[in-house]
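Residues per chain, in single letters:
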Amino acid sequence: MVEHSYLTQKEPPPRAWQRMLSGRRLDLLDPSPVDIEIEDIAHGLARLSRWNGQTSGPLPFTVAQHSLIVEDICSQLKPGWPPIWRLAALLHDAPEFVIGDLISPFKSALGGDYKIIEKRLMRAVHLRFGIPPDLPLPVEKTIKRADRASAFFEATQLARFEPAEARRFFGSPAGVAPLELVALSTSAAQREYLRRFSELTAAVLRAEDRPDAGG
């Protein structure tokens with residue numbers, strides 16, 4: 001009996017890569033640092049809305065703008081912080097340029113698989129831009145604190161949370177100067193993100209002869 005090839009041929013694995021505007025093809029399950037470009041990240045984050053778009057005002061509040069704020073808050077919390085860690089703060093949400101900005105409750109519901117994919121992408125981003133794949137714990141905690149402070153201001157000013165409710169979910173932004181948030185346009189957010197990235201990478205290069213892992 002002849003066994004026909006179409007009976008034994010395996011289905012090809014489902015496509016897990018995304019084509020970027022730069023022309024790169026980024027494998028979401030096994031991302032390579034060489035397929036990551038800052039222009040793709042900035043483009044994606046500037047078109048991605050925080051809070052699933054449920055914010056007041058005529059413009060969405062983008063992940064790119066949020067990232068700029070988090071990096072700025074880190075400079076308040078840690079004056080003189082090495083630029084490598086400030087660059088990590090700017091890029092803290094970089095994986096979202098391909099996997100989107102899911103609200104925290106939904107991330108928790110999805111569980112481990114989502115977090116594994118997110119972590120692989122984050123490590124690839126770090127390697128691409130000369131940041132340690134895994135951040136020192138004090139650095140990670142500082143960025144998370146800044147992230148939650150930004151979320152508090154966004155929640156109370158844009159997402160119509162009551163202050164007490166926002167404090168319950170995100171904590172009080174202690175040690176952070178009050179912010180008045182005004183959403184940037186997509187083009188402005190993208191431009192500012194790239195500008196700040198350029199400044200920080202230049203500062204990292206200048207500091208290479210004076211390494212300091214201070215967290």
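So, here's what we can say about the structure.

Focus: the pattern of salt bridges
Overall, the coordinates contain 11 salt bridges when judged by the stated rule. A salt bridge links R24 to E37, with the shortest nitrogen-to-oxygen separation between them at 3.0 Å. Linking R24 in the loop between strand 1 (17-19) and strand 2 (25-27) with E37 in the loop between strand 2 and helix 2 (38-45), this pair joins segments that are 13 residues apart in sequence.

Side note on the packing of helix 3 (residues 63-77) against helix 10 (residues 186-206)
Interaxial distance between helix 3 and helix 10 falls to 9 Å at its minimum, and their mutual angle equals 35 degrees. Between helix 3 and helix 10 lies a crossing whose hand is left-handed. Where helix 3 abuts helix 10, its residues A64, Q65, S67, L68 and E71 lie against A189, E192, Y193, R196 and L200. Taken together, the residues that form the contact of helix 3 with helix 10 break down as 5 nonpolar, 2 polar and 3 charged.

Describing the nonpolar core
Grouped burial of nonpolar side chains is what soluble globular proteins tend to show. Core analysis: the biggest nonpolar cluster contains 59 residues, and I41, L91, I143 and Y193 have the highest contact counts within it. For this core, the secondary structure elements donating two or more residues are helix 2, helix 3, helix 4 (83-90), helix 5 (96-99), helix 7 (112-128), helix 8 (137-157), helix 9 (163-170) and helix 10. In this structure Y193 touches I38, I41, A42, L45, A64, S67, L68, L90 and L91, once residues within four positions along its chain are discounted.

Things to note about the environment of D72
Inspection of the secondary structure puts D72 in helix 3. For D72 and A89, which are 17 residues apart along the polypeptide, the C-alpha to C-alpha distance reads 8.8 Å.

Structural notes on the side chain of H92
Counting through the fold element by element, H92 comes out in the loop between helix 4 and helix 5. Take H92: its relative accessible area is 15%, and that puts it in the buried class. Within polar-contact distance, the side chain of H92 engages the side chain of H66 at 3.3 Å. Within polar-contact distance, the side chain of H92 engages the side chain of D93 at 3.2 Å. Ignoring any residue separated from it by four or fewer positions in sequence, one finds H92 in contact with H66, S67, V70, M122, I143 and D147.

Structural notes on the side chain of H126
Mapped onto the secondary structure, H126 falls in helix 7. In this structure H126 touches I131, P132, P133 and L135, once residues within four positions along its chain are discounted.

Regarding unusual backbone geometry
Positive phi, close to 60 degrees, is recorded for W51, a residue that is not glycine. Tracing the backbone through its elements, the reader meets W51 in the loop between helix 2 and helix 3. One non-glycine residue, N52, lies in the positive phi region at around 55 degrees. With respect to the helices, strands and loops of the structure, N52 is situated in the loop between helix 2 and helix 3.

Let's talk about the packing of helix 2 against helix 10
Packing of helix 2 against helix 10 brings their axes to within 9 Å, and their N-to-C directions diverge by 145 degrees. The crossing of helix 2 and helix 10 is right-handed. From helix 2, I38, E39, I41, A42, H43 and L45 reach across to helix 10, where they touch Q190, Y193, L194 and F197. Residues of the contact of helix 2 with helix 10, tallied by class, amount to 7 nonpolar, 2 polar and 1 charged.

Focus: the packing of aromatic side chains
Inspection of every chain in the model, using the stated rule, returns 7 aromatic pairs. Summarising the aromatic geometry, the rings of F152 and F153 are spaced 5.7 Å apart at their centres and angled 80 degrees between planes, so their arrangement reads as edge-to-face. Take F152 and F153: they sit in the same class, and that class is buried. One aromatic cluster is present, formed by W51, F161, F169 and F170 through successive ring pairs. Of note, R168 hangs over the ring of F169, and the distance from its end group to the ring centre comes to 5.2 Å.

Here is what the cut-offs are and how they apply
Residues numbered from 1 in each chain as written. Predicted model: local features only at pLDDT ≥ 70, side-chain atom pairs only at ≥ 80, totals over all residues. Heavy atoms only, no water. Salt bridge = Lys/Arg side-chain N within 4 Å of Asp/Glu carboxyl O. Helix = DSSP H or I, 4+ residues; strand = E, 2+ residues; numbered from the N terminus. Axes fitted to C-alpha atoms, helices over the stretch in contact; angles between N-to-C directions. Left-handed = near helix turned anticlockwise from the far one by under 90°. Contact = heavy atoms within 4.5 Å. Nonpolar A, V, L, I, M, F, W, Y, C, P; charged D, E, K, R; others polar. Core = buried A, V, L, I, M, F, W, Y, C linked by side-chain atoms within 4.5 Å. Buried < 20%, exposed > 50% of the residue type's maximum accessible area, 1.4 Å probe, protein only. Polar contact = N/O pair within 3.5 Å; in protein donor to acceptor, adjacent residues only side chain to side chain. Phe/Tyr/Trp six-rings, centres within 6.5 Å; stacked < 30°, edge-to-face > 60°. Lys NZ or Arg CZ within 6 Å of the ring centre and 35° of its normal.

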